[in-house]
Amino acid sequence: MKSTLKVLFLSSVFGTMALPALADDLVIGLATAQTGTLEPYDQPSLKGLQMAVDEINAAGGVAGKFPIKLVAKDTRSDAGQTALVAQELVDQGISILITPCDADPSIAAGQITQAAHIPAFSFCATTPTMPLAVGDYMFGNYPADNVQAAVLAGYATDKGFKKAYILKSPDTAYTLKLPEYFASSFKAKGGELLGEGTFSMGQQDFSAEVTKIKALNPAPDVIMTAAYEPDFPAFIRQLRGAGVNTPILGSDGIDSPTTFGLGPLVDGVVFTTAGFAVEGSPLAAFNAKYKAKSGQDPDTVYIANGYDLGKVIEAAVTKAGSIEPTAIRDAVASLEGVKGVTGAITYAGTKGMPLRSVSLVRIDGGKRSLVSQGVPNAADVPSP
């Protein structure tokens, strides 16, 4: 009699036990960050995925016949290490690879799985050109940067903001392109870009940039950045410390406990994310279920996002009726309306980045409040 729980972790998430793979196991490799700058995003995503896997395996596996086995290795938030880990996992005979929450290491890993004809998903990289940079075996799992940017630009326009300033970093596609997509969408709606600044990831001194912003005349109505920790906390501390109270728009990278731990400094900040737990919604039910299982409230939507990736994989393997990698890839590319706890997820008709809802959230008093939720008009989304 087969065990219905077959999960192998090289580092523990829920204290799972190593078991050998069987011929009908769906082996999923995780080349993700257990340490480094991407750990605050990859690890919550992994917790959600693990929860989905536990449920699927408890029911006998995908379609009642393919138990899932996870094999996780630490990428240390480094693109080169991600590529090495990806090759090791491919050599172990995986059917699917999951990569970090950033396009650069995901592309490095995806190029290996593309050559091996193994489908790969990034947990939450949002660069819309990521699948195009790799090939037809690469998929995203989160609202793309240009989609998030369109939502932010629409909000800024609706608020009557006429003049914007963007802060970007060339160190990653995410921190560079998302503000540029915002600027493009904002200008298309009649807004004016007063200027832009740059920073290096890991930078602690933003005094020169803060001085530049403070000296702008006229002053911007809004500042948009895709900076995340530790850069976003450093920037907003110094900006507010200099007496600049201009509204700030951020992106999903600041949906983390660190941001909410900043207290009044982040009151009024508005950012995009993959979901919001409205009372009675599937996400609210998931959050309650997660708390019952783990004993803790989920502190970020990345947990639910990881769970939804588990549901996407389940839907694809069920549709394929096989754990053969190419059959799974073909099934993913044809998925429509997969019921995730953050909303419906569609890959059919896309170029690897899923069509899914974006939630716009405002921070006040350490709490989230929903501003809006939905899919932006396609005409408002900048081309990747």
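Within an unreviewed UniProt entry, the label attached to the protein chain reads Branched-chain amino acid transport system substrate-binding protein, and the organism entered is Rhizobium miluonense. Quoted verbatim from the Sequence similarities (unreviewed entry) field of the UniProt record, the comment on the protein chain reads "Belongs to the leucine-binding protein family."

S.K.: How would you sum up the overall build of the protein chain? Please name residues and give values.
M.R.: Counting its regular elements, the protein chain contains 12 helices and 14 strands. By the compact-globule yardstick of 21 Å for 384 residues, the protein chain fits well, its C-alpha radius of gyration being 20 Å. Taking all 384 residues of the protein chain together, the buried fraction comes to 57%. At a minimum sequence separation of 6, the contacts of the protein chain that also span at least 24 residues come to 69%. Total accessible area on the protein chain is roughly 14300 Å²; 53% of this is exposed by carbon and sulfur atoms. The positive charge centre, built from 30 side chains, and the negative charge centre, built from 37, are 4 Å apart in the protein chain.

S.K.: Give me the lowdown on the side chain of Ser95, citing residues and values where you can.
M.R.: Along the chain, the position of Ser95 falls in the loop between α2 (79–91) and β3 (96–99). Of the polar contacts made by the side chain of Ser95, one reaches the backbone oxygen of Ile323; its length is 3.0 Å. Contact partners of Ser95, with chain neighbours within four places excluded, come to Leu26, Val27, Ile118, Pro119, Ile323, Pro325 and Ile328.

S.K.: Requested: an account of the state of the cysteines, with residues and values cited.
M.R.: Overall, the coordinates contain one disulfide when judged by the stated rule. Note that Cys101 is cross-linked by a disulfide to Cys124, the S-S spacing being 1.7 Å. Every disulfide takes its handedness from the sign of the S-S torsion; for Cys101 and Cys124 that torsion is 110°, giving right-handed. On the criterion of sequence distance, the pair formed by Cys101 in the loop between β3 and α3 (103–115) and Cys124 in the loop between β4 (120–122) and α4 (130–134) is long-range, its members being 23 residues apart. Cys124 gets classed as buried once you look at its relative accessible area, which sits at 4%.

Here is what the cut-offs are and how they apply
Residues numbered from 1 in each chain as written. Predicted model: local features only at pLDDT ≥ 70, side-chain atom pairs only at ≥ 80, totals over all residues. Heavy atoms only, no water. UniProt positions renumbered as here; feature names shortened; annotations may be inferred. Helix = DSSP H or I, 4+ residues; strand = E, 2+ residues; numbered from the N terminus. Rg over C-alpha atoms; globule rule 2.2 N^0.38 Å. Buried < 20%, exposed > 50% of the residue type's maximum accessible area, 1.4 Å probe, protein only. Contact = heavy atoms within 4.5 Å. Areas by Shrake-Rupley, 256 points an atom, 1.4 Å probe, with all protein chains shown as cover. Lys, Arg positive; Asp, Glu negative; His and termini not counted. Charge placed at Lys NZ, Arg CZ, Asp CG, Glu CD. Polar contact = N/O pair within 3.5 Å; in protein donor to acceptor, adjacent residues only side chain to side chain. Disulfide = S-S within 2.5 Å.

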